[in-house]
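# Structural description and commentary
Residue strings, one per chain:
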Amino acid sequence: MSEKLKAVLEAIDVANKCDPAIDSDDAGEAQPEAYLYGLRMTSELERLFEGQASDVLQIAARGQHIERWLLKRADYPEGRAGYLKWRRDQGQAHGARLAGLMADAGYSEEDCDRVGVLLRKEGIKRDAEVQQLEDVICFTFLKWYFAPFAAKHPAEKVLDIVAKTARKMSPEARARVLREFELPDPLEKAVKAAA
């Protein structure tokens, strides 16, 4: 790992350790939510792509939720339009914040711009790195966040979320999900139907 990559990842971790929301890691230890999410994203990126990810992709994965708590969902209108605006604003804010950290560490302007492209998901299904990031996001959700989500929502909403998640994934990632996760039959069918 280069010194500049190490510096950016450490800066992301420092920022995300300020998250007031707390979650429990796999050992049951309390951790700031955004920090833990970043570590999980890095873990899935390494597992799925076995050290083949570019610096920009590694930074995008670790910093996908950098300082996410600063833009509160409650400050946006209710409903789908408000949610989508909040998500767009988050992507822009995260891209700008990561670009600043990258510039401070000596990354090129091109790399700083590129991280924003990944975070805003520009070119999903057409840009290999954008798709790789999306696959990591989906695996991270399924591995650590799906069960708590499913426990709080009715079965039809869970099925809808799984179908939407599967549609965003690459065919290779969907096939891997079916191999790695034991999904109830309706959810497995939803993943297969997304192909």
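Residues numbered from 1 in each chain as written. Predicted model: local features only at pLDDT ≥ 70, side-chain atom pairs only at ≥ 80, totals over all residues. Heavy atoms only, no water.

### Description of the packing of helix H1 (residues 3-16) against helix H4 (residues 79-105)
As a reminder of what qualifies: Working convention: axes come from line fits to C-alpha atoms, limited for helices to the stretch in contact. Angles between N-to-C directions cover 0 to 180 degrees. Per the convention used, a helix needs a DSSP run of H or I reaching at least four residues, while a strand needs a run of E reaching at least two, with both numbered from the N terminus. Throughout this description, any angle smaller than 35 degrees is read as roughly parallel, any larger than 145 degrees as roughly antiparallel, any in the 65 to 115 degree range as roughly perpendicular, and the remainder as oblique. Left-handed is the label given to a crossing in which the near helix is rotated counterclockwise from the far helix by less than a right angle, and right-handed is the label when the rotation is clockwise. When checking whether two residues touch, look at their non-hydrogen atoms; a contact exists if any pair is within 4.5 Å. Three classes are used: nonpolar for Ala, Val, Leu, Ile, Met, Phe, Trp, Tyr, Cys and Pro, charged for Asp, Glu, Lys and Arg, and polar for all others, with Gly counted as polar.
Here H1 crosses H4 at 140 degrees, and the two axes come no closer than 9 Å. In terms of their interaxial angle, H1 and H4 are classed as oblique. Handedness of the H1/H4 crossing: right-handed. Contact residues: H1 offers Lys 4, Ala 7, Val 8, Ala 11, Ile 12 and Ala 15, while H4 offers Arg 97, Leu 98, Leu 101, Met 102 and Ala 105. By residue class, the composition of the contact of H1 with H4 is nine nonpolar, no polar and two charged.

### Details of the pattern of salt bridges
The condition is simple: What makes a salt bridge here is a side-chain nitrogen of Lys or Arg within 4 Å of a carboxyl oxygen of Asp or Glu, nothing more. Here the term buried applies to any residue with accessible area under 20% of the maximum for its type, exposed to any over 50%, and partly exposed to those in between, with areas from a 1.4 Å probe on protein chains only.
The final tally for this structure, using the stated rule, is 15 salt bridges. The salt bridge partner of Asp 23 is Arg 40, with a shortest N-O separation of 3.7 Å. Of this pair, Asp 23 sits in strand E1 (residues 22-24) while Arg 40 sits in helix H2 (residues 33-49), placing them 17 residues apart in sequence. You can call Arg 40 buried: its relative accessible area is 6%.

### Describing unusual backbone geometry
Unusually for a residue other than glycine, Glu 50 sits at a positive phi of about 45 degrees. Here Glu 50 lies in the loop between H2 and helix H3 (55-62). Of note in the backbone geometry, Lys 121 takes a positive phi value of approximately 60 degrees without being a glycine. One can find Lys 121 in the loop between helix H5 (109-119) and helix H6 (128-152).

### Considering helix H7 (residues 155-168)
Owing to its 3.6 residues per turn, the α-helix aligns residues three or four sequence positions apart on the same side. The cut-off we apply is this: For a helix, the expected span equals 1.5 Å multiplied by the residue count minus one. The arc in question is the one traced by the directions running from the helix axis out to the C-beta atoms.
With 14 residues, H7 should cover 20 Å at 1.5 Å per step; its first-to-last C-alpha distance of 20 Å lies within 8% of that length. Within the sequence span of H7, burial applies to Val 158, Val 162, Ala 163, Thr 165 and Ala 166. The buried residues of H7 occupy an angular sector of 165 degrees when projected down its axis, which confines them to one face. Those residues of H7 hidden inside the fold are in contact with H6, helix H8 (171-180) and helix H9 (185-193).

### Section: the packing of aromatic side chains
What counts here: Paired rings are identified among Phe, Tyr and Trp, the last through its six-membered ring, by centres lying within 6.5 Å, and are further divided according to the angle between planes into stacked (under 30 degrees), edge-to-face (over 60) and tilted (the rest).
Scanning all chains against the criterion turns up five aromatic pairs. Between the aromatic rings of Tyr 83 and Trp 86, the centroid separation amounts to 5.9 Å while the plane-to-plane angle is 40 degrees, which identifies the pairing as tilted. Linking Tyr 83 with Trp 86, this pair stays in helix H4, spanning three residues, or about one helical turn. By relative accessible area, Tyr 83 is classed as partly exposed at 31%. Here Trp 86 falls in the buried class, since its relative accessible area comes to 9%. With centroids separated by 6.1 Å and ring planes inclined at 70 degrees, the aromatic side chains of Phe 141 and Phe 149 adopt a geometry described as edge-to-face. Among the aromatic residues, those joined into a cluster by ring pairs are Phe 141, Phe 146 and Phe 149.

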